[in-house]
Amino acid sequence: MKLLFTALTMIASSFTFAAGDVDCSAANAERIVHTQLAEAVVQSPQAKLMQMAGKVYVEFLIDESGVLHIEKITSADFTTEYYVRSVAEGMRMDVCAEATGKRYAVVLQFAA
């Protein structure tokens, strides 16, 4: 039992330390932010269930604590705009310290 516990602890710690080697360059930070937002909003089961379609332009800020604050959303459809705002506003982003305190602008594409 001790051997199993030791092995699991070593595996978990290797993942923890490996996560610290994330590339925090500006380009990679934008990619990470876009990916996290797209996964939470566009690829969610709710978006598929509601059959969301079209593009949404989102301008937002990630504060120093990693929380997303929407500044502007532009969409041809009010329902899509409302959905994006309700899901994304206040979302906690898992980003490097270098990615916080900055403004971002992304385009989210919903597939029909």
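Everything here concerns the structure above.
A brief structural summary. Owing to the predicted nature of the structure, the values given are computational and were not obtained by experimental measurement. (Residues numbered from 1 in each chain as written. Predicted model: local features only at pLDDT ≥ 70, side-chain atom pairs only at ≥ 80, totals over all residues. Heavy atoms only, no water.)

1. Thoughts on the overall build of the chain
Next up, step 1: A tally of regular secondary structure across the chain gives four helices and three strands.
Next up, step 2: Each helix (α) and strand (β) of the chain, taken in turn from the N terminus, gives the series α-α-α-β-β-α-β.
Next up, step 3: Counting only residues that meet the buried cut, the chain has 33% of its 112 residues in that class.
Next up, step 4: Here the analysis covers contacts within the chain between residues at least 6 apart in sequence; of these, 73% occur between residues at least 24 apart.
Next up, step 5: Surface summary for the chain: the accessible area is close to 7400 Å², and the carbon and sulfur share equals 61%. (Helix = DSSP H or I, 4+ residues; strand = E, 2+ residues; numbered from the N terminus. Buried < 20%, exposed > 50% of the residue type's maximum accessible area, 1.4 Å probe, protein only. Contact = heavy atoms within 4.5 Å. Areas by Shrake-Rupley, 256 points an atom, 1.4 Å probe, with all protein chains shown as cover.)

2. Here we look at the pattern of salt bridges
Next up, step 1: Under the defined criterion, the tally for this structure stands at one salt bridge.
Next up, step 2: A salt bridge links E71 to R103, with the shortest nitrogen-to-oxygen separation between them at 2.9 Å. One end of the pair, E71, is in strand β2 (residues 68-75); the other, R103, is in strand β3 (residues 102-110), with 32 residues separating them in the sequence.
Next up, step 3: Given the relative accessible area of 40%, E71 is considered partly exposed.
Next up, step 4: When its relative accessible area of 61% is taken as the criterion, R103 is described as exposed. (Salt bridge = Lys/Arg side-chain N within 4 Å of Asp/Glu carboxyl O.)

3. What to know about helix α2 (residues 26-41)
Given 3.6 residues to a turn, an α-helix orients residues that are three or four positions apart in the same direction.
Next up, step 1: Between its first and last C-alpha, α2 extends 22 Å over 16 residues, near the 22 Å set by a 1.5 Å rise per residue.
Next up, step 2: Every buried residue of α2 is accounted for by N28, A29, I32, V33, Q36, L37, A38 and V41.
Next up, step 3: For α2, the elements touching its buried residues are α3 (45-49), β1 (54-62), β2, α4 (78-88) and β3. (Expected span 1.5 Å × (residues − 1).)

4. Quick word on the sheet that holds β2
Next up, step 1: If you walk across this open sheet you meet the three strands as β2-β1-β3, and the pairing is antiparallel. Two strands in the sheet have a free side with no partner beyond their single neighbour: β2 and β3. Averaged over neighbouring strand pairs, the angle between their axes works out to 25 degrees when direction is ignored.
Next up, step 2: In the sheet, β1 pairs with β3 via nine bridges, with the strands oriented antiparallel. (Pairing = 2+ DSSP bridges. Axes fitted to C-alpha atoms, helices over the stretch in contact; angles between N-to-C directions.)

5. Concerning unusual backbone geometry
Peptide bonds are mostly trans, and most non-glycine residues show a negative phi.
Next up, step 1: Of note, Q51 is a non-glycine position whose phi angle comes to about 55 degrees, a positive value.
Next up, step 2: Residue position: Q51 is located in the loop between α3 and β1.

6. Quick notes on the packing of α2 against α4
Next up, step 1: For the pair α2 and α4, interaxial distance at closest approach is 10 Å and the crossing angle is 115 degrees. When the axes of α2 and α4 are compared, the pair comes out roughly perpendicular. Crossing geometry of α2 relative to α4 is assigned as right-handed. Across the interface between the two elements, L37, A40 and V41 from α2 touch Y83, V84, V87 and A88 from α4.
Next up, step 2: Split by residue class, the contact of α2 with α4 holds seven nonpolar, no polar and no charged. (Parallel < 35°, antiparallel > 145°, perpendicular 65-115°, else oblique. Left-handed = near helix turned anticlockwise from the far one by under 90°. Nonpolar A, V, L, I, M, F, W, Y, C, P; charged D, E, K, R; others polar.)

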